[in-house]
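Structural overview for review
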Amino acid sequence: MAGLAGCYADAIDAHGVAFDLLFGPAYKGIPLATALACEYARRGRDLPLAFNRKEAKTHGEGGNLIGAPLAGRRVLIVDDVITAGTAIREALGLIADAGGIAAGIVIALDRQEAVDPATSRRSAAQTVAADHGLPVIAVATLGDLLAFAGDRAELSGQRERLLAYRQAYGSEANA
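Scope of this entry: the structure provided in the associated data block.

Conventions we followed
- Residues numbered from 1 in each chain as written.
- Predicted model: local features only at pLDDT ≥ 70, side-chain atom pairs only at ≥ 80, totals over all residues.
- Heavy atoms only, no water.
- Axes fitted to C-alpha atoms, helices over the stretch in contact; angles between N-to-C directions.
- Helix = DSSP H or I, 4+ residues; strand = E, 2+ residues; numbered from the N terminus.
- Parallel < 35°, antiparallel > 145°, perpendicular 65-115°, else oblique.
- Left-handed = near helix turned anticlockwise from the far one by under 90°.
- Contact = heavy atoms within 4.5 Å.
- Buried < 20%, exposed > 50% of the residue type's maximum accessible area, 1.4 Å probe, protein only.
- Expected span 1.5 Å × (residues − 1).
- Arc of directions from axis to C-beta.
- Salt bridge = Lys/Arg side-chain N within 4 Å of Asp/Glu carboxyl O.
- Phe/Tyr/Trp six-rings, centres within 6.5 Å; stacked < 30°, edge-to-face > 60°.
- Lys NZ or Arg CZ within 6 Å of the ring centre and 35° of its normal.

Quick look at the packing of helix α5 (residues 142–150) against helix α6 (residues 156–169) now. Packed helix pairs are specified by the crossing angle of their axes together with the interaxial distance, meaning the distance between the axes. Relative to each other, α5 and α6 sit at 155°, their axes nearing to 8 Å. In terms of orientation, α5 and α6 fall into the roughly antiparallel class. The element α5 and its partner α6 pack so that their crossing is left-handed. Of the residues in α6, those touching α5 at Leu142, Leu145, Leu146, Ala149 and Gly150 are Ser156, Arg159, Leu162, Leu163, Tyr165 and Arg166.

Pasting the structure below:
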């Protein structure tokens with residue numbers, strides 16, 4: 001997890017997106033954003049962290065957000081992948097409702113999968129970026145996985161499966 005967090009931080013830093021709070025959408029984004037906050041702390045940057053609950057809590061502190069306040073902060077959303085964009089749109093709504101300003105989205109893998117191959121060849125990441133005017137930063141892409149698999153004889157069988165996947169589901173990013 002620490003190694004992956006380092007890859008996230010490197011990709012974010014290379015992109016140059018300005019942000020001052022990390023947000024991990026429930027559920028997979030929570031440990032990813034937490035690991036990334038630890039990585040940035042290791043690098044000397046102390047970042048606040050917040051995440052959401054899937055169901056609002058009605059007792060104790062209540063609500064559906066946990067962690068640092070989002071109001072007035074530039075928020076970077078940290079997740080694993082974007083499939084249909086549903087979790088990201090939900091996170092964007094929560095951030096806006098709490099007074100935060102979405103600064104971008106970082107994901108581990110852009111599968112470069114078309115949202116709906118029958119009607120559009122745009123990927124989920126491309127769609128979210130265009131619809132919300134936000135950068136979507138990927139640590140790796142399907143193209144990266146194909147190149148990696150192509151460089152290793154022991155992965156040649158996987159490469160064929162990845163190529164078949166791209167042929168069936170690939171977005172215009174694969175053209």
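This paragraph deals with the environment of Thr34. Tracing the chain through its elements places Thr34 in helix α2 (residues 29–42). Looking at Thr34, the relative accessible area reads 30%, which means it is partly exposed. Linking Thr34 and Leu22, residues 12 residues apart in sequence, is a C-alpha distance of 8.3 Å.

Time to look at helix α3 (residues 86–97). Helical periodicity: at 3.6 residues per turn, an α-helix aligns residues three or four positions apart in one direction. For α3, with 12 residues, the first-to-last C-alpha span of 17 Å sits near the 16 Å given by 1.5 Å per residue. Turning to α3, its buried residues are Ile88, Ala91, Leu92, Leu94 and Ile95. Seen from one end, α3 has its buried residues packed into an arc of 165°, which puts them on one side. What points out from α3, more than 90 degrees from its buried face, is the exposed set Thr86, Ala96 and Asp97. Positioned one or two residues after α3, Gly99 has a phi angle of 85°, which is positive.

With that out of the way, let us pick up the pattern of salt bridges. This structure, assessed with the given rule, holds 8 salt bridges. Notably, a salt bridge pairs Arg74 with Asp20, separated by 3.3 Å at the nearest N-O pair. Of this pair, Arg74 sits in strand β4 (residues 74–79) while Asp20 sits in the loop between α1 (2–15) and β1 (21–24), placing them 54 residues apart in sequence. Residue Arg74 is classed as partly exposed on the basis of its relative accessible area of 36%. One salt bridge connects Arg122 with Asp131, and the closest N-O pair in it is separated by 3.7 Å. One network of salt bridges, with partners in common, ties together Asp10, Asp13, Glu39, Arg42 and Arg43.

With respect to the element layout, Ser123 can be found in strand β7 (residues 120–123). By relative accessible area, which is 1% here, Ser123 ends up buried.

What follows covers the packing of aromatic side chains. In the structure shown here, the tally under the stated rule is 2 aromatic pairs. A centroid spacing of 5.9 Å and a plane angle of 65° characterise the contact between Phe19 and Tyr40, whose relative ring orientation is edge-to-face. Pair noted here: Phe19 is in the loop between α1 and β1 and Tyr40 is in helix α2, with a separation of 21 residues, a long-range link. For Tyr40, a relative accessible area of 3% corresponds to the buried category. Ring centres of Tyr165 and Tyr169 lie 5.3 Å apart, and the angle between their planes is 50°; this geometry places the pair in the tilted category. With Tyr165 and Tyr169 both in helix α6, this residue pair falls 4 residues apart, about one helical turn. Look at Tyr165 and you get partly exposed, because its relative accessible area is 25%. Relative accessible area serves as the criterion here: at 42%, Tyr169 is assigned to the partly exposed category. For Arg45, the ring lying beneath its charged end belongs to Phe19, and the centroid distance is 4.4 Å. A cation over a ring is seen here: Arg45 above Tyr40, with NZ or CZ 5.7 Å from the ring centre.

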